Amino acid sequence: MKADALARRSTGMQIDQLPADAGGGTVPPVTGSLVAKADSINGNANLLIEIAGFLHEGRPDAELTTMARDPRAHEDVAKQVARFAQFADDQYLDAVALFAALSTRLRTAGSDFVKVDDDTAQRFLDDVLRYGQYVAPEAR
């Protein structure tokens, strides 16, 4: 079973990784292109903020620990349940804040991408105007 799993692993698809090194030597660098679109970046930022909003709307109810309070439960149990509820609430708030922060950072990255993309396009057009030569169709 282990050999079968290793065989499947070695022939499986690798995403966002360098190719598997077959002979223990040096793997040549992978060349390729990264395609990013401002619409996609902004859409993903919006999705992250929507997730944060849904999490906030579905926040845990503070009264969930009511059944485990004294006198319904032992005092030690009530303390531990309250401690756990506080911990869970902190973790929940951290997750909401993380999604919101990631959305903000992604939106900033999208704005920076648009600026760099615009600067690149402007530089290309400036180079065409500065270094380009008009060749009449008859002279080609």
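Definitions and limits used
Residue numbering note: each chain is counted from 1, following its sequence as written. Only residues with pLDDT of at least 70 get local features here, since the model is predicted, and only at 80 or more are side-chain atom pairs given and counted; chain-wide, interface and lining totals rely on the full set of residues. Only hydrogens and water are set aside when side-chain values are computed; all heavy atoms of the structure are taken into account. For helices the rule is a DSSP run of H or I covering at least 4 residues; for strands it is a run of E covering at least 2, with both sets numbered from the N terminus onward. Expected helix span is given by 1.5 Å per residue-to-residue step, counting one fewer step than there are residues. Each residue's exposure class comes from its accessible area (1.4 Å probe, protein chains only) as a fraction of the maximum for that residue type: buried when under 20%, exposed when over 50%, partly exposed otherwise. Only Phe, Tyr and Trp rings are paired, with Trp represented by its six-membered ring, and only when their centres lie within 6.5 Å; those with planes under 30 degrees apart are stacked, over 60 edge-to-face, the remainder tilted. For this document, the term salt bridge refers to a Lys or Arg side-chain nitrogen within 4 Å of an Asp or Glu carboxyl oxygen.

1. Describing helix 3 (residues 75–131)
Each turn of an α-helix holds 3.6 residues, which means side chains three or four residues apart point in the same direction.
Phase 1 of the analysis: Taking 1.5 Å of rise per residue, the 57 residues of helix 3 would be expected to cover 84 Å, and the 83 Å separating its terminal C-alpha atoms lies within 8% of that figure.
Phase 2 of the analysis: Among the residues of helix 3, Ala78, Tyr92, Val96, Ser103 and Gly110 are the ones counted as buried.

2. Some words on the packing of aromatic side chains
The description of two aromatic rings rests on the distance between their centres and on the angle between their planes.
Phase 1 of the analysis: Following the criterion strictly, the structure yields one aromatic pair and no others.
Phase 2 of the analysis: Their ring planes at 40 degrees and their centres at 6.5 Å tell us that Phe84 and Phe87 sit as a pair that is tilted. With Phe84 and Phe87 both in helix 3 and three residues apart, this pair spans about one turn of that helix.

3. A few points about the pattern of salt bridges
Phase 1 of the analysis: For the structure shown, the criterion picks out three salt bridges.
Phase 2 of the analysis: Lys115 serves as the salt-bridge partner of Asp119, at 3.2 Å between the closest nitrogen and oxygen. Of this pair, Asp119 and Lys115 both sit in helix 3, four residues apart, roughly one helical turn.
Phase 3 of the analysis: With a closest N to O distance of 3.5 Å, Arg130 and Asp127 form a salt bridge. Taken together, the positions of Arg130 and Asp127, both in helix 3 and three residues apart, correspond to about one turn of that helix.
Phase 4 of the analysis: Residue class for Asp127 comes out partly exposed when judged on its relative accessible area of 32%.

4. Side note on the environment of Asp117
Phase 1 of the analysis: On the secondary structure map, Asp117 appears in helix 3.
Phase 2 of the analysis: A relative accessible area of 42% means that Asp117 is categorised as partly exposed.
Phase 3 of the analysis: Once the C-alpha coordinates of Asp117 and Ala38 are considered, the two residues, 79 residues apart in sequence, prove to be 9.5 Å apart.

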